[in-house]
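Observations on the three-dimensional arrangement
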Amino acid sequence: MPRPALNVQEFVPLAPYTTLRIGGPARFFCEVKGETQIAEAVSFAKGRNLPLFVLGGGSNLLVSDAGFDGVVLRLGVPFAKGERRDGKSVLLEVGAGENWDDVVRYAVDCGYAGIECLAGIPGDVGGTPVQNVGAYGQEVAETIVQVRAYDLETGAFVDLDHEACRFGYRRSLFNVEARGRYIVTAVTYKLRPGGEPALRYADVRRHFAAQLERGLQPSLRQVYEAVRSIREQKGMLVGQGGPDGRSAGSFFKNPVVPLATLPEIALSAGRGAEEIPQYPAGDGRVKLAAAWLVEQAGFHKGFAMGRAAISSRHTLALVNLGDATAAELIGLRDAVMTAVKDKFGVQLEQEPVMLGWPSQH
Ligand SMILES: Cc1cc2nc3c(=O)[nH]c(=O)nc-3n(C[C@H](O)[C@H](O)[C@H](O)COP(=O)(O)OP(=O)(O)OC[C@H]3O[C@@H](n4cnc5c(N)ncnc54)[C@H](O)[C@@H]3O)c2cc1C
């Protein structure tokens, strides 16, 4: 059978492909229909000497108002999918173009534990290893055993094991050391059939407090539903409407600082060090809650600057109130970061990826 030709479109507006609904056009845009078309799209970009960007669900992305003078590649079909037993575990191989939340629901329906707390996170499977998505006490790295990817340097497909992916908090090989080098085409998750759900996070435990007091462990399905309901209250659920639904999720990472800096931070906040929300991060360091720092620096929920605002339900989500420009969002981002730095000496780090900006952004 003849292979379908690569369909390349020009000047495609990117805003509708992002959850922030912000950003100008892509010079070229192609949706690839299988692994063989990836090499074609890559050689199309190389032939024109243009940069290539892999777009997933656009849920961790801020595109500039000018757009992207390069080739945007989207994995148009889910590609591979397979499932096999490995002792007491199940290895679930999922194509990069599959919707992540559908995968979580599938796993929960099958009674497979390991990703139930990652319910309701927008985006595709291919994006999950990139920033090692995490929420409510789970990280996707805990279950990833293999990532299949196209290596732009060698022009070959590779299978990277867990160690090779170099996962950390909101980081991996794919967004740090080898940023832009790999196109992820499939991810294999190791899940536990009949396993207990994770109840590590305070919000989740609180949700089940009465049930747990009676000695009743919640089921996988109950934890999945609880996470979705907690996320909904915070405006962090995939597909939610209204301005709070036009975000890229948390805009700032939780900063990790030396334990020794806590007294100074507490003094700036007029609090005791023990009142600062903190989690041990090893090596004499603590992870602080970025939301707490932002609020203490004077930015409350619903705070607006033009058409960019802080979500009315979650301090860390910057939202598009309607027709906001990328420049407006960046204005708000900078105001928040400067205020936190001035008050606490803590440099916040942005979570969403920038596309179409000069590198210093
Ligand atoms: C409402 C909301 C809530 C969110 N909550 C969370 C949360 O709880 N935890 C969390 O960790 N994140 C959260 N996010 C952020 C986001 O959903 C995740 O980072 C998600 O995994 C991004 O996937 P994506 O497919 O949308 O990637 P995109 O936004 O399209 O791309 C993000 C980056 O990944 C790269 N990429 C995407 N696909 C591939 C691929 N196949 N191969 C190589 N590179 C690729 C892109 O090039 C880009 O650099 C949230 C976002 C929103 C809007």
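For every chain, the first residue of the written sequence is number 1, and numbering continues from 1 onward in sequence order. This being a predicted model, a pLDDT of at least 70 is required before a residue's local features are given, and a value of 80 or more before pairs of side-chain atoms are given or counted; all residues contribute to the totals for chains, interfaces and linings. Hydrogens and water molecules were not included; the side-chain quantities draw on all heavy atoms of the structure.

Let us look at the sheet that holds strand E17 (residues 285-288). Two strands in a sheet stick together by hydrogen bonds in their backbones, pointing the same way (parallel) or opposite ways (antiparallel). Spatially, E15-E17-E16 is the arrangement adopted by the three strands of the open sheet, whose pairing is antiparallel. One side of each edge strand has no neighbouring strand; the edge strands of this open sheet are strand E15 (256-258) and strand E16 (278-282). Across the sheet, the axes of successive neighbouring strands diverge by a mean angle of 40°, strand direction being ignored. Bridge count for E16 against E17 is four bridges, and the pairing is antiparallel. Within the sheet, the bridge partner assigned to Tyr279 lies in E17 and is Lys287. Any two residues whose heavy atoms approach within 4.5 Å are treated as being in contact. Axis lines are fitted through C-alpha atoms, for helices just across the contact stretch, and the angle between N-to-C directions can take any value from 0 to 180 degrees. Every helix listed is a DSSP run of H or I at least four residues long, and every strand listed is a run of E at least two residues long, numbered separately from the N terminus. Against the sheet, helix H6 (residues 262-269) engages E15, E16 and E17, with an angle of about 30° to E17. Pairing between strands is defined by DSSP: at least two bridges between the two strands are required.

Our next topic: the packing of helix H2 (residues 100-110) against helix H5 (residues 220-233). For any two helices packed against each other, the geometry comes down to the angle between their axes and how far apart the axes lie. Direction vectors running N to C along H2 and H5 enclose 155°, while the axes themselves pass 9 Å from each other. Put simply, H2 runs roughly antiparallel to H5. The two elements H2 and H5 cross, and the hand of that crossing is left-handed. Two secondary-structure elements touch here, H2 through Asp101, Val104, Arg105, Val108 and Asp109 and H5 through Leu220, Arg221, Tyr224 and Arg228. Considered class by class, the residues forming the contact of H2 with H5 number four nonpolar, no polar and five charged. For classification, angles of less than 35 degrees are called roughly parallel, those exceeding 145 degrees roughly antiparallel, those between 65 and 115 degrees roughly perpendicular, and all remaining angles oblique. Two helices cross in a left-handed way if the nearer one is turned anticlockwise from the farther one by less than a right angle. They cross in a right-handed way if the turn is clockwise. Polar here means any residue outside two lists: the nonpolar Ala, Val, Leu, Ile, Met, Phe, Trp, Tyr, Cys and Pro, and the charged Asp, Glu, Lys and Arg; Gly therefore counts as polar.

It is worth spelling out the sheet that holds strand E2 (residues 25-32) at this point. The strand order across the open sheet formed by four strands is E1-E2-E5-E3, and the pairing between neighbours is mixed. Since the sheet does not close on itself, it has two edges, and those belong to strand E1 (8-13) and strand E3 (52-55), each with one partner. Put simply, the sheet's adjacent strands are angled 35° from each other on average, direction ignored. Two strands pair when backbone bridges link them, and E2 and strand E5 (residues 68-75) are joined in this way by six bridges, in the parallel orientation. Paired with Glu31 across the two strands is Arg74, which belongs to E5. The strands touched by helix H1 (residues 35-47) are E1, E2, E3 and E5; relative to E2, the strand with the most contacts, the crossing angle is about 155°.

Attention shifts here to the confidence of the model for the protein. Taken over all residues, the pLDDT of the protein has a mean of 93, while the share at 70 or more is 98%. Ranking the elements of the protein by mean pLDDT puts E16 last, at 86, and strand E4 (residues 61-63) first, at 98. Known as pLDDT, the predictor's confidence for each residue is given on a scale from 0 to 100.

This part is about the site of the ligand. Among the 33 residues in the neighbourhood of the ligand, the closest are listed as Val54, Gly57, Ser59, Gly134 and Arg231. At 2.7 Å, a backbone N or O of Gly134 approaches a nitrogen atom of the ligand. Pairs of N or O atoms are called polar contacts if they sit within 3.5 Å, as long as, within protein, a hydrogen donor faces a hydrogen acceptor (for residues adjacent in sequence, only side-chain-to-side-chain pairs). Between a nitrogen atom of the ligand and a side-chain N or O atom of Arg231, the distance comes to 2.7 Å. Areas reported here follow the Shrake-Rupley algorithm with a probe of radius 1.4 Å; residue values treat only the protein chains shown as occluding. Here the ligand, which alone exposes 970 Å², has 92% of that area covered by the protein. Elements represented by at least two residues in the shell around the ligand include exactly E3, strand E9 (134-135), strand E13 (182-193) and strand E14 (247-250). Each residue belonging to the shell around the ligand can be placed in one class, and the counts come to 17 nonpolar, 13 polar and three charged. If even one non-hydrogen atom of a residue comes within 4 Å of a molecule or strand, that residue is called near it.

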